[in-house]
Amino acid sequence: MANKVRFLGHAAFEITTSGEKKILIDPWITGNPLCPLKKEELKDPDLILITHDHADHIGEDVPFLVDGSDAVVVTQPELLGKLQEAGVAEKNFIFGTGMNIGGTVEVAGIKVTMVQAFHSAGVGSPCGFIITTEDGKRIYHAGDTGVFADMKLLGQIYPLDLALIPIGSVFVMDPLQAAWAVEMLKPKKVVPMHYRTFPVLVQDASEFAALAKEKAPEVEVLVLEPGQSIEC
Ligand code: NI
Ligand code: MN
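Treat the numbers as computed from the prediction; the structure is a model and nothing was measured.

Novice: Any chance you could break down the coordination of the manganese ion (ligand 2) for me, citing the residues and the numbers?
Specialist: Six octahedral donors around a metal ideally make angles of 90 or 180 degrees; four tetrahedral donors ideally make 109.5 degrees. Note on the manganese ion (ligand 2): its protein donors are Asp56 (OD), His57 (NE2), Asp144 (OD) and His194 (NE2). The metal-donor distances range over 2.2 to 2.3 Å. The sequence motif formed by the donor residues of the manganese ion (ligand 2) is D-H-x86-D-x49-H. Between the manganese ion (ligand 2) and the nickel ion (ligand 1), a spacing of 3.2 Å is present, and a bridge between the two is formed by Asp144. For the pair Asp56 and His57, one class covers both residues: buried.

Listed below in structure tokens is the structure:
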């Protein structure tokens, strides 16, 4: 079976891997105006990846999502205290300690590499993730970031099947920077995220899709509605 990637609105995604593991990335469910699902429908994932300490990424549902399960939360050490206060058990953190940029961890046959992102955060440094699923497919979630030239390097080290990148401007890359990012990353497919959620953000993906087609015509741009899935 292929990996299934479901867009949950904003920067939130659920991946059901080829080995039938569930990964949630930035699960801002409760309060996310674009998320069509309830937290109950996403309970007990195998992995939760959190890119940074902002409310639209860390959300408030992580304690509920992992409660009573062996779910592994992958994030930086600085976020652990905050999540523990919210009720997440120490045993649910990767190695009990968290991880950091440059590192790769393997959980249930899935490799997760934490990579840099340029943004701000309450505590810790914002990051992105490169996920290598059991069948060797690679998925990059850029987190919140501006464009950076080392995206080219990341694409070279980790040839990407799919990239999930922010395009909404104001807090993250705008459509022009995002199109340059696509050209550097050279994924097979790209899905835009982090737009439309708030009135100040870019409201649709049409400008990004047109610019990406110009800059990197070989990359397939897939614009997903919240709740919609693609295979990878
Ligand atoms: Ni942010
Ligand atoms: Mn954000």
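Resuming the write-up.
Novice: How would you summarise the pattern of salt bridges if you had to cite specific residues and measurements?
Specialist: Counting across every chain of the model gives 8 salt bridges. In this structure, the salt-bridge partner of Lys82 is Asp53, at a minimum N-O distance of 2.8 Å. Note that Lys82 is positioned in helix H3 (residues 77-85) and Asp53 in the loop between strand S4 (47-49) and helix H1 (55-58), a separation of 29 residues in sequence. Overall, the relative accessible area of 6% leaves Asp53 in the buried class. For Arg196, the salt bridge goes to Glu225, with nearest N and O atoms at 3.5 Å. Linking Arg196 in the loop between strand S11 (189-193) and helix H6 (206-215) with Glu225 in the loop between strand S12 (220-221) and strand S13 (229-231), this pair joins segments that are 29 residues apart in sequence. Connected via shared salt-bridge partners are Arg6, Glu14 and Lys22.

Novice: Talk me through the coordination of the nickel ion (ligand 1); I want residue IDs and the actual numbers.
Specialist: Distances from the nickel ion (ligand 1) to its protein donors, His52 (NE2), His54 (ND1), His119 (NE2) and Asp144 (OD), fall at 2.1 to 2.3 Å. Around the nickel ion (ligand 1), the 4 donor atoms sit at angles spanning 88 to 177 degrees, and that spread fits a shape best called irregular.

Novice: An account of the sheet that holds S11 is requested, with residue identities and associated values reported.
Specialist: In spatial order, the strands read S6-S7-S8-S9-S10-S11-S12; together these 7 strands make up an open sheet with mixed pairing. Since the sheet does not close on itself, it has two edges, and those belong to strand S6 (104-107) and S12, each with one partner. By the bridge criterion, 4 bridges tie S6 to strand S7 (residues 110-116) in an arrangement that is antiparallel. Residue pairing in the sheet places Thr104 in a bridge with Thr113 of S7. On top of the sheet, helix H5 (residues 175-185) reaches strand S9 (138-141), strand S10 (162-166) and S11; it is set at about 155 degrees to S10, its chief contact.

Novice: How would you explain the pairing of strand S1 (residues 4-7) if you had to name every residue and give the values?
Specialist: Alignment of S1 against strand S2 (residues 13-16), held across 4 bridges, turns out to be antiparallel. Bridge assignment links Phe7 to a residue of S2, and that residue is Phe13. Pairing between S1 and S13: 3 bridges, direction antiparallel. In the strand pairing of S13, Arg6 is matched with Ser229.

The rules behind the values
- Residues numbered from 1 in each chain as written.
- Chains lettered and ligands numbered in written order.
- Predicted model: local features only at pLDDT ≥ 70, side-chain atom pairs only at ≥ 80, totals over all residues.
- Heavy atoms only, no water.
- Donors = N, O, S within 2.8 Å, 3.2 Å for Na, K, Ca; no water.
- Buried < 20%, exposed > 50% of the residue type's maximum accessible area, 1.4 Å probe, protein only.
- Salt bridge = Lys/Arg side-chain N within 4 Å of Asp/Glu carboxyl O.
- Helix = DSSP H or I, 4+ residues; strand = E, 2+ residues; numbered from the N terminus.
- Tetrahedral: all angles 85-135°; square planar, octahedral: opposite > 155°, others 65-115°.
- Pairing = 2+ DSSP bridges.
- Contact = heavy atoms within 4.5 Å.
- Axes fitted to C-alpha atoms, helices over the stretch in contact; angles between N-to-C directions.

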